[in-house]
Amino acid sequence: MASPKHNMLREIFEQPEAVQQTAEAASADVSSQSFYGVSWKEAGLASLDRILIAASGTSRHAGIAGKFMIESLAGIPVEVDYASEFQLSPAVVSPKTLTIVITQSGETADTLAALRKAKKSGSKVVTISNVEQSSMMKEADFRIHTKAGPELAVPSTKAFTAQLTALFCFALFLGEIRKKVAREQAAAFRSELASLPAKLQTVLGLDAKCEALARRFRDRSGFIFAARGVHNAVAMDGALKLKEVSYLHSEAFPSGEILHGPLATIDEDIAVIAIATVDGADSDSKARFEKTLSNLKELKGRSGKIIALASEGDTRVGKLAEETLYLPKAPDLLLPILEIVPLQLFAYHIAILLGRNVDSPRSLAKAVVND
Ligand code: BG6
């Protein structure tokens, strides 16, 4: 693409490379002995009783997806907490808890405090960061370096998809050493991962469509993002991206939760953005998809407009949504890496139409280093 006017747009378009580099580094670093220097025997990764993830902002949304990945592939219970809450909470952390802190900058004060609290409680700490020489990488017991390259725009985009990639690789690694994932299954997942950069290029081809949607929806008074399962992390970050760059009101809810209250706020002036993709090879994904379709039927007619993300080849979502964007197929746990891209582009274009400063939105900082 011609050199874009804004770092945010350039970084959105750098995601195929960010995901590829991060995935290649993971597979290069995974061996029977270690994963990015995580010597799994030392870390006792085979005998953990739970994992705690602490992070802030977009990085915490990656942690929400990481929870689903690790619980699905490794069968270890995972809790995700706001770093700002964890540092002063009675959260029980023990040497059998592995703590993962996720941080693009590696300097966020709340997350650094959470790392220090976890270490003091006897938990080993893994830092996932985009800055190799950052404070949190230095203080960690083990480190996973996302290879997104420097991220300059305050709204985090390519670091997020790189974090999702690193978390998936770590979840797969845990699943293998805990014998929850068979060798052939792991190989199939790794080849699916290797096919993501090309699929991301296809999704980036939706940019013009996202810009057209932004023109149609820029005057909405509010936006509700709805999803189920691992896709909730994408809905949360889609809502945060829009908030950060356009200053418009947006919230994310699990699709099934909308009926318990938020539905009352939905009228013709509210746009609903629903993630309605499906992995046809995954029975849980198909069950969630059927429930999402019935949620969309509830919303149709109440909401001013429904924009849906669906899977290529689907013929049902388009009948319920005003606008449907079709994404390439992928395993359910990898779909978030594709789904977030049109939401990043939608947020970017609405913000530009509103004359916002997308790279440095009002009141926000790239890293909050003082708590
Ligand atoms: C905020 C940024 O200040 O900090 C967000 O605006 C970011 O984009 C959050 O997600 C957490 O930062 P980090 O560096 O710890 O991932």
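Here the focus is helix α14 (residues 335-353). The first and last C-alpha atoms of α14 sit 28 Å apart over 19 residues, in line with the 27 Å expected at 1.5 Å per residue. Counting buried residues in α14 gives 17 out of 19 residues, a clear majority hidden from the surface. Note on α14: the residue one or two positions beyond its end, Gly 355, has a positive phi of about 75°.

So, about the domain arrangement of the chain. Interfaces are often sized by the accessible area lost when the parts come together. Per the domain assignment, the segments making up the chain are domain 1 (7-194) and domain 2 (201-353). Of note, the centres of domain 1 and domain 2, computed from C-alpha atoms alone, are 26 Å apart. Across the contact, 27 residues belong to domain 1 and 23 residues belong to domain 2. Around 2300 Å² of area is buried between domain 1 and domain 2 when both sides are counted, 81% of it from carbon and sulfur atoms. Connecting domain 1 to domain 2 are zero salt bridges.

So, on to empty space enclosed by the protein. What the rule picks out here adds up to two cavities of 30 Å³ or more. Around the largest cavity sit Arg 228, His 231, Ile 275, Ala 276, Thr 277, Ser 285, Arg 288, Phe 289, Thr 292 and Asp 332, which together line it. Sorting the residues of the lining of the largest cavity by element identifies β10 (270-276) and α13 (283-299) as the ones contributing at least two each. Broken down by element, the residue count for the lining of the largest cavity peaks at four residues, all from α13. Grouping the constituent residues of the lining of the largest cavity by class yields three nonpolar, four polar and three charged. Counted as a void, the second largest cavity has a volume near 50 Å³.

Here we come to the sheet that holds strand β12 (residues 323-327). Each strand in a sheet pairs with its neighbour through backbone hydrogen bonds, running either in the same direction (parallel) or in the opposite one (antiparallel). Taken in spatial order, the five strands of this open sheet run β9-β8-β10-β11-β12, and their pairing is parallel. Where the open sheet ends on each side, the last strands, each with one partner, are β9 (249-254) and β12. Ignoring strand direction, the axes of neighbouring strands in this sheet form an average angle of 15°. Here helix α11 (residues 207-217) sits on the sheet and contacts β8 (222-227), β10, β11 (305-311) and β12; the angle it forms with β12, its principal contact strand, is near 160°.

What follows deals with the layout of surface pockets. Estimated volume of the largest pocket: approximately 710 Å³. Surrounding the largest pocket, 30 residues form its lining, Ser 56, Gly 57, Thr 58, Leu 240 and Glu 244 being those nearest its centre. Of all the secondary-structure elements, those providing two or more residues to the lining of the largest pocket are α4 (57-74), α5 (83-86), β5 (97-103), α6 (109-120) and α12 (232-246). The leading source of residues in the lining of the largest pocket is α4, at five residues.

Within the structure, the ligand sits among 14 residues, and Ser 59, Gln 104, Ser 105, Thr 108 and Ala 365 are positioned closest to it. At a separation of 2.7 Å, an oxygen atom of the ligand approaches a polar side-chain atom of Ser 105. Within the backbone of Val 154, an N or O atom sits 3.0 Å from an oxygen atom of the ligand. The pocket occupied by the ligand, as judged from atoms lying within 2 Å of grid points, is the largest pocket.

Let's shift gears to the packing of aromatic side chains. Applying the stated rule across the entire model yields three aromatic pairs. Seen from their ring centres, Phe 170 and Phe 173 are 6.1 Å apart, and the 25° between their planes marks the pair as stacked. Here Phe 170 pairs with Phe 173, and both are found in helix α8 (residues 158-177), just three residues apart, close to one helical turn. Classification of Phe 170 by relative accessible area gives buried; the value is 0%. A centroid spacing of 6.0 Å and a plane angle of 75° characterise the contact between Phe 223 and Phe 346, whose relative ring orientation is edge-to-face. Here Phe 346 lies in helix α14 and Phe 223 lies in strand β8, a separation of 123 residues in the sequence. Sitting above the plane of the Tyr 82 ring, Arg 60 keeps its charged end 3.7 Å from the centroid.

Time to look at the environment of Ile 258. One can find Ile 258 in the loop between β9 and β10. For the pair Ile 258 and Leu 200, spaced 58 residues apart in sequence, the C-alpha separation works out to 30 Å. Not counting chain neighbours up to four residues away, the residues in contact with Ile 258 comprise Ile 224, Ala 226, Phe 253, Leu 263, Ile 266 and Leu 299.

This next bit is on the nonpolar core. Counting 87 residues, the largest nonpolar core has Ile 51, Ile 100 and Phe 223 as its most contacted members. Residues from two domains meet in this core; each of domain 1 (7-194) and domain 2 (201-353) gives at least three. Filtering out sequence-adjacent residues up to four positions away, Ile 51 remains in contact with Ile 70, Ile 76, Pro 77, Val 78, Glu 79, Leu 98, Ile 100 and Leu 174. Counting 21 residues, the second-largest nonpolar core is a separate cluster that includes Phe 289, Leu 299, Ala 308 and Val 317.

Definitions and limits used
- Residues numbered from 1 in each chain as written.
- Predicted model: local features only at pLDDT ≥ 70, side-chain atom pairs only at ≥ 80, totals over all residues.
- Heavy atoms only, no water.
- Helix = DSSP H or I, 4+ residues; strand = E, 2+ residues; numbered from the N terminus.
- Expected span 1.5 Å × (residues − 1).
- Buried < 20%, exposed > 50% of the residue type's maximum accessible area, 1.4 Å probe, protein only.
- Domains from an automatic or database assignment.
- Contact = heavy atoms within 4.5 Å.
- Buried area = accessible area lost by both parts, 1.4 Å probe.
- Salt bridge = Lys/Arg side-chain N within 4 Å of Asp/Glu carboxyl O.
- 1 Å grid on protein atoms, 1.4 Å probe; cavity = no way out; pocket = protein on both sides within 12 Å on 5 of 7 lines; lining within 4 Å.
- Points joined across faces, edges and corners; volume = space filled by probe spheres on them.
- Nonpolar A, V, L, I, M, F, W, Y, C, P; charged D, E, K, R; others polar.
- Pairing = 2+ DSSP bridges.
- Axes fitted to C-alpha atoms, helices over the stretch in contact; angles between N-to-C directions.
- Near = heavy atom within 4 Å.
- Polar contact = N/O pair within 3.5 Å; in protein donor to acceptor, adjacent residues only side chain to side chain.
- Sits in = over half its atoms within 2 Å of the grid points.
- Phe/Tyr/Trp six-rings, centres within 6.5 Å; stacked < 30°, edge-to-face > 60°.
- Lys NZ or Arg CZ within 6 Å of the ring centre and 35° of its normal.
- Core = buried A, V, L, I, M, F, W, Y, C linked by side-chain atoms within 4.5 Å.

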